[in-house]
Structures are given as structure tokens and as C-alpha cells.
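Residue-level structural notes
The residues making up each chain are set out below.
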Number of protein chains: 2
Amino acid sequence: MRQLVRVQNFSISSDGYGAGEGQSVERPFGHADPADFMSWAGATAHWVNRTDPGGSFGLDDYITRDWANNIGAEIMGRNKFGPQRGPWEDYDWQGWWGDEPPFRTPVFVLTHHVRPSFTLGDTTFHFLDASPEDALARALSAADGRDVRIGGGVATVREFLDADLIDTMHVAVAPTELGRGERLWTSPDELVDRFHLEQIPSPSGMVHHFFWHRGLS
Amino acid sequence: MRQLVRVQNFSISSDGYGAGEGQSVERPFGHADPADFMSWAGATAHWVNRTDPGGSFGLDDYITRDWANNIGAEIMGRNKFGPQRGPWEDYDWQGWWGDEPPFRTPVFVLTHHVRPSFTLGDTTFHFLDASPEDALARALSAADGRDVRIGGGVATVREFLDADLIDTMHVAVAPTELGRGERLWTSPDELVDRFHLEQIPSPSGMVHHFFWHRGLS
């Protein structure tokens, strides 16, 4: 199988928002409650930040344990990397993820304000001022035959969807409305002209949306 | 996470049969139609025997692509390895899977009639006359820190369930009755005293049953 460009485990509200208004260090999801977006994954046995035993091994766990499966690089927007905007005031901020970020691959951060690459644990962050096409070419090369994950946030996923560069996309829709913030879609039906879509309700209350591009088959 | 003992992608009829009566080289599932058991997986992009592009990337594909994820060894019964019974008449039969079996790990075949190990492609078959406990100890050691898959058939899965050696089990239940053959259960409810259970219907018509042992969490 050729290298794929995949969105995985991207959580949004029932009205299509991936983050609320007013994102900050203290509130990475703005006015939204992070639990609405994260708790389905946090309850699974393979949750990437789990430190204790336990957790579920059902549908939601299949999805969390697929997050890194055959992934060789990630592309993320600057808003996922951190809350600063504009020119970097300092380089001390090295992301939300501590000394061992869960990516364990090259990560390409899209920003108009480039800064030097750095390595934390098994993850190296590179900063690119590039089009989606050019960033993807870099990531596909770095992934060494494996797939590239588009990690978000909303603006980055939208940019890659608009450029028609996404092959497969998993979106977990929470049973909560958000009302305002960064919006992925008004309805998933907006994508069915280009993508096959399966909607699978989970016992956790999330509805998993699996998209794959009609050009794949 | 410690090494797990997993049953994956084990398909049965709605009345609990994993194979029909009268298994042979020509009819590996006996009187049952193999399509009832296999077509849900065969339709997915990551089906292990797929040679053409295409296939779905929805729920069923998450399950097929998890089949080898972190698996380091398989244990199977002699009836899965082949249709011969009793003492081996010859060693020419090397399984159903051709020159490159999909396992790509050590495979331990449980039989009262041991024969020499052999290697095909990336898979080595070993033949053991051993209890489930002893076979599992061998497989866990060979898996080198990864998990062990209990590959079937029905009698082998039952044997490991009866010895309470299974940690997680995925059973795909087809919307077809079989009436007779090798039976895994009368009802999945027989297992809920020991296992958590999620039942997730798929667009393919299968109902995926995800079990995980209550001792895990």
C-alpha cells in the first residue's frame, strides 16, 4: 500500500467545533471542557498518556492504539504546538507534552515564524513556513515509507482538506454542543462527495466518523 | 503494558459456530460458506491477502489492521493448520497459506502428533504436544515482549478460555445461522462473568464482540 495521509482521533463537538474560544496555556481548548474531547480516549487501555494499568479494550481502544500504527511523521499547526501567536518571544516553550512527547517521529509545525528544530525524547520538532503541498512532501520523505498523520488543529485539518491532500480521516464527535470556537464543519455531509463515510456510535457516547477518499478504491 | 494473550478476528455464525461439519482440503469450513466468515475482512483495505488496491478503511479495517499489531507469536490448533487427522502421512502439507504465510512470527501448532519445525517466508511453524499453559509459556517467550495471538480454531479457543488464559478476545458474529459444526458458545453471555463485553454492529452486517478480562482493570 502506498503512503497515506491520515487524520486520527480528531475530536469535535456535535456542532462541529474542535476547540472553543480563548485558547491559552491554562485553557488549551478555550471555553470548551477538555474532558468532552479527551475522556473517551483517556478511558482506554492504550491511551498514550496512561501511566496506570487498567482501561477499556473495546472499540475506543482499537482507535487509540491505531494512532501511532504505521505513522512515520506528523504535521501540526502552530496552534496545536502552543498558545503563543506572532513572533516567538522566547524558545523556552517546547510544547504541551513534557520531556517525552508521544509522537516519537519527526513532527513538522506549520508557522509563519520559523525557529530552530529541537529534539525531546524520541521526537524532533521542525518548524516550516510552507504550503500544505510542500510540508507534506517533507513529511512523506521523513516518514521513510510509513504514513503521515495530520495532527490538527482545526485550521490545519481544514487547510489539508481544502487542498484535497487527506486520504483517511477519523473524527470522534462528542455528544455536546459548543456553540462557538474553531469549526471543522457544519455537517459531515459536506465531505461525502469526496469521501466514503461510516458513522459508528461507541458506548462512550462518541460517534466515530471514518472517512476515506473515493480516489483510494 | 504486560504481554497479553489475544484472540483476534475470530468469526462465527449467529448461533455460535466457527466452522461447519465435514472440514476437508476442498471445504476448510465444512458445510459452511467461507464467505459468511471471511468476506467482512476480505472487503477491507488491510486484508492480509489483498493483492489489489482498494478496500474499505472503516470500522472493519481498523480491526483487520490490528490483527498483527504488537503480536509476537501465534498458537493454533492442528485443525486450523490443516485438514489431516491422526499420525502425519507425509510432511508435504505445509498449511493453507502458500510460500509466504501471513503470520510472520513463530507459530505453535498444538497436536498430539509432533513433527519437525519448518520455516516458510517469515513464519516458522513449531509442533507441540503440550498443555495450554506450557504452550503459552513457550509462545510468550518466543514473542519477545510482544503479545500472543490464539489463532483458533474453535476447540483451541475453547481450551484457552476454559483454562482462563485469554486476556482480550474479538469475535465477529455473522448474520447467518449454521445449525451444526464446531461451536464456540450458545450465547456470548456465558462469558460476561469473567469478561467485559462491547457489542458493536458494523455496516458489513457483522456484530463485533470485544471482550476483555475483568482482571485487567
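Residues numbered from 1 in each chain as written. Chains lettered and ligands numbered in written order. Predicted model: local features only at pLDDT ≥ 70, side-chain atom pairs only at ≥ 80, totals over all residues. Heavy atoms only, no water.

**A closer look at the sheet that holds strand β5 (residues 118-120) of chain B**
Residue and element names in this part refer to chain B. Strands sit in the order β5-β6-β4-β3-β7-β1-β8-β11-β10 across an open sheet of 9 strands; the sheet is mixed. Two strands close off the open sheet at either side, each with one partner strand: β5 and β10 (195-201). On average, each strand axis in the sheet is inclined to that of its neighbour by 20°, with strand direction left out of account. Relative to strand β7 (residues 147-152), strand β1 (residues 5-12) is paired through 2 bridges, and the arrangement is parallel. Residue pairing for β7: Arg6 is matched across the bridge by Arg149. (Pairing = 2+ DSSP bridges. Helix = DSSP H or I, 4+ residues; strand = E, 2+ residues; numbered from the N terminus. Axes fitted to C-alpha atoms, helices over the stretch in contact; angles between N-to-C directions.)

**Comments concerning the UniProt feature "domain: Bacterial bifunctional deaminase-reductase C-terminal" (unreviewed entry) in chain A**
Sites flagged by UniProt as "domain: Bacterial bifunctional deaminase-reductase C-terminal" (unreviewed entry) map to residues 10-188 of chain A. Across residues 10-188 of chain A, helical content stands at 22% and strand content at 23%; the span's end C-alpha atoms are separated by 13 Å. (UniProt positions renumbered as here; feature names shortened; annotations may be inferred.)

**Here we look at the sheet that holds strand β5 (residues 118-120) of chain A**
Residues and elements named next belong to chain A. Strands sit in the order β5-β6-β4-β3-β7-β1-β8-β11-β10 across an open sheet of 9 strands; the sheet is mixed. Looking at strand neighbours, the two that pair on one side only are β5 and β10 (195-201), the edges of this open sheet. With strand direction ignored, the average angle separating the axes of adjacent strands in the sheet is 20°. Bridge count for strand β1 (residues 5-12) against strand β8 (residues 168-173) is 5 bridges, and the pairing is parallel. By the bridge assignment for β8, Ser11 is matched with Ala172. The sheet strands contacting helix α1 (residues 34-42) are β1, β8 and β11 (207-213), and the helix crosses β1 at an angle near 115°. (Contact = heavy atoms within 4.5 Å.)

**Here we look at the relation of the copies chain A and chain B**
Taken as rigid bodies, chain A and chain B are interconverted by a rotation of 180° and an axial shift of 0.0 Å, the fit giving an RMSD of 0.0 Å. A rotation of that kind, with that shift, is consistent with a two-fold axis. No C-alpha of chain A approaches the rotation axis more nearly than that of Tyr62 of chain A, which lies at 3.5 Å. (Least-squares fit on C-alpha atoms with pLDDT ≥ 70 in both.)

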